[in-house]
Amino acid sequence: MIRFEQVEKRFGSKKVLDGVNFEIKKSEIFIIVGLSGAGKSVSLKHMVRLLTPDSGRVWVGDDVVSEARGAELERIRARFGYLFQSGALLAWMSAGENVGLPLREHTRKPDEDINGIARDKMRLVHLEEAYDKMPADLSGGMRKRVSLARAIVRDPEIVLYDEPTSGLDPLTSRTIDKLIRDTRDELGVTSIVVTHDLHSALSIGDTIAMLHEGKMVEMSPPKQFIQSRHPVVRSFLESQYITTRGAWEQESTQP
Amino acid sequence: MMLMEAFAHMGGMFRRRPRHEILHQMYVGGIKSLGVITVVGMFTGMILALQTGLELRRFGLQQNIGTAVTVVMLREMGPFMTALIIAASVGSAIAAQMGTMTVSEEIAALEIMSINPVRFLVMPRLVALMIMMPLLTVYTNMVGIFGGAIVGATQLEVTMTAYFDNARLYAENKDLYVGLLKALIFGVVITTVACHQGFQTKEGAVGVGQATRRTVIISFLTILILGYIVTRLFYTL
């Protein structure tokens, strides 16, 4: 579905992605973890050509997104929903208007239909009551859920999540995790999640990939990931108190 | 490039959302500036009348202040003072808004939703200021000329009738048109500089502050330079 081929990206003298290769399968929840500055969000931005690689290619299906322009890029981007770390809601529009915005801009549907779809998506993220609220009146977790509703309003094939649980309390984080899983289960979308939160990664991910200093140092299903012998992975796991198989199993069995 | 793109998108400005946005921006950028423009326009005309009147009175020619104030307001001070106010208030606000949207990834979100930020954000502001700048300049001119008349009547013994008769005698339609052309150009300059600086914002709140400051400085300088060039094009010795 999405394939990185020898992708390299520099910002000044710093090499953020250093020959990264990986492939994400359809309907998979693919988690990218790593320390700050490891290149996680940069990888995500390459998938929708918010950034372009210095060398290498990024494929989305049969399209090379890293070389797409104009109408072709629009067509590729229409396949994506993107949940930004900050929510990135337009401050002067209500939550409902934010959710309906992509439909208003890209379809000729009447307002009643657009409002109906937006309400449905708000219901999906359990925020129907916040439809008329302004972003400033919402909590961080609510803003992210509205942003998720906006990301899925056009029924995308792929949803990208940039730090969906950062800055949220554990309960809200688990709600977001459940939403990511439900979105995949109910809509069949391919989900790529960038996160620092290993507990979240282990509980929802089908594959977990770890970036370190621009290189992919580990990529495996959660059970294999926590058994990795790679020193960077071990250190990362231990920093979040995931040192045993039991710790992960306890997390993963939570409802 | 951004300006060309914004002009290219103007074909869609009569659709419902852009039309509402343009009207909103006309209100924010124009109507809300009327208070400060009234004060600045009035005192600009009053200062012009007082300074020229005091000099002209030495030669017994103070009845000519009507012409002096009207011509200077129409050709230069009307569009110039209006542009400075709009650059400082509206231009800086646009830069701050665009800058905040850039650093909070709202612009990136628009791009991913395949919503062109130039069409969505720049074009309505450009159209709004292209409409409002000439209208505000006409208003500044009227207030300034009236301010000059008040000073003439109260301090220079020039009656209102004599002041306006004198103004009509020498002021030409060309003075008004050139001034309005300047206003239109200044509107384009302010919007383009503000949006460009906003979109280039980096480094969070500090970057937003820098974008705002750069917008005001670049707009002021460009307005001054273009003001001279337009004057030079239309008025030669």
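Here's a quick rundown of the structure. (Residues numbered from 1 in each chain as written. Chains lettered and ligands numbered in written order. Predicted model: local features only at pLDDT ≥ 70, side-chain atom pairs only at ≥ 80, totals over all residues. Heavy atoms only, no water.)

Within chain B, the secondary structure is distributed over nine helices and zero strands. Each helix and strand of chain B, ordered N terminal to C terminal, gives the series α-α-α-α-α-α-α-α-α. Across the 237 residues in chain B, those meeting the buried criterion constitute 51%. As displayed, chain B has an accessible area near 11000 Å², and 69% of this comes from carbon and sulfur atoms. Side-chain charges of chain B comprise 17 positive and 12 negative groups, with the mean position of each set lying 3 Å from the other. (Helix = DSSP H or I, 4+ residues; strand = E, 2+ residues; numbered from the N terminus. Buried < 20%, exposed > 50% of the residue type's maximum accessible area, 1.4 Å probe, protein only. Areas by Shrake-Rupley, 256 points an atom, 1.4 Å probe, with all protein chains shown as cover. Lys, Arg positive; Asp, Glu negative; His and termini not counted. Charge placed at Lys NZ, Arg CZ, Asp CG, Glu CD.)

Attention now moves to the overall build of chain A. Within chain A one finds 10 helices and 10 strands. The globule rule puts the C-alpha radius of gyration for 255 residues at 18 Å, and the 18 Å found for chain A is close to it. Across the 255 residues in chain A, those meeting the buried criterion constitute 55%. Total accessible area on chain A is roughly 11000 Å²; 48% of this is exposed by carbon and sulfur atoms. Side-chain charges in chain A split into 36 positive and 37 negative, and the spacing between the mean points of these groups amounts to 3 Å. (Rg over C-alpha atoms; globule rule 2.2 N^0.38 Å.)

Attention now moves to unusual backbone geometry. We note that A:E163 has phi near 45°; this positive angle belongs to a residue other than glycine. Secondary-structure assignment places A:E163 in the loop between β7 (158-162) and α6 (170-187).

Turning our attention to the interface of chain A and chain B. Across the boundary between the two partners, chain A contributes 22 residues, which contact 18 residues of chain B. Buried area between chain A and chain B, summed over both chains or domains, comes out near 1800 Å², and the portion from carbon and sulfur atoms is 57%. When the buried area of chain A at its contact with chain B is split by residue, A:R77, A:W92 and A:E105 rank highest and sum to 31% of it. There are three salt bridges connecting chain A and chain B. With a closest N to O distance of 3.0 Å, B:R17 and A:E105 form a salt bridge. Where chain A meets chain B, there are seven residue pairs in polar contact (both at pLDDT 80 or more). (Contact = heavy atoms within 4.5 Å. Buried area = accessible area lost by both parts, 1.4 Å probe. Salt bridge = Lys/Arg side-chain N within 4 Å of Asp/Glu carboxyl O. Polar contact = N/O pair within 3.5 Å; in protein donor to acceptor, adjacent residues only side chain to side chain.)

Residue and element names in this part refer to chain A. Read from one edge of the open sheet, six strands run β6-β7-β8-β3-β9-β10, paired in mixed fashion. Looking at strand neighbours, the two that pair on one side only are β6 (80-83) and β10 (215-220), the edges of this open sheet. With direction set aside, neighbouring strand axes in the sheet form an average angle of 15°. Pairing between strand β3 (residues 29-33) and strand β8 (residues 190-195): five bridges, direction parallel. The residue bridging I32 from the neighbouring strand is V194, located in β8. (Pairing = 2+ DSSP bridges. Axes fitted to C-alpha atoms, helices over the stretch in contact; angles between N-to-C directions.)

Before going further, it helps to examine the packing of aromatic side chains. Aromatic ring pairs are reported here in terms of the distance separating the ring centres and the angle at which the planes meet. All names here are of chain A. The full count for this structure, using the stated rule, is five aromatic pairs over all chains. When the ring of F22 is compared with that of F30, the centres are 5.3 Å apart and the planes differ by 15°; the resulting orientation is stacked. Judged on exposure class, the residue F22 and its partner F30 are both buried. Among the aromatic residues, those joined into a ring-pair cluster are F4, F22 and F30. Sitting above the plane of the Y131 ring, R119 keeps its charged end 3.8 Å from the centroid. (Phe/Tyr/Trp six-rings, centres within 6.5 Å; stacked < 30°, edge-to-face > 60°. Lys NZ or Arg CZ within 6 Å of the ring centre and 35° of its normal.)

On to the pattern of salt bridges, then. Residues and elements named next belong to chain A. For the structure on display, the rule yields 27 salt bridges over all chains. A salt bridge links D54 to K9; the nearest nitrogen and oxygen atoms lie 3.9 Å apart. Of this pair, D54 sits in the loop between α1 (40-47) and β4 (55-60) while K9 sits in strand β1 (residues 2-11); the two residues are 45 residues apart in sequence, bridging distant segments of the chain. The class for K9 is buried, based on a relative accessible area of 10%. Bridged by salt links that share partners, the residues E8, K15, D18 and K215 form one connected network.

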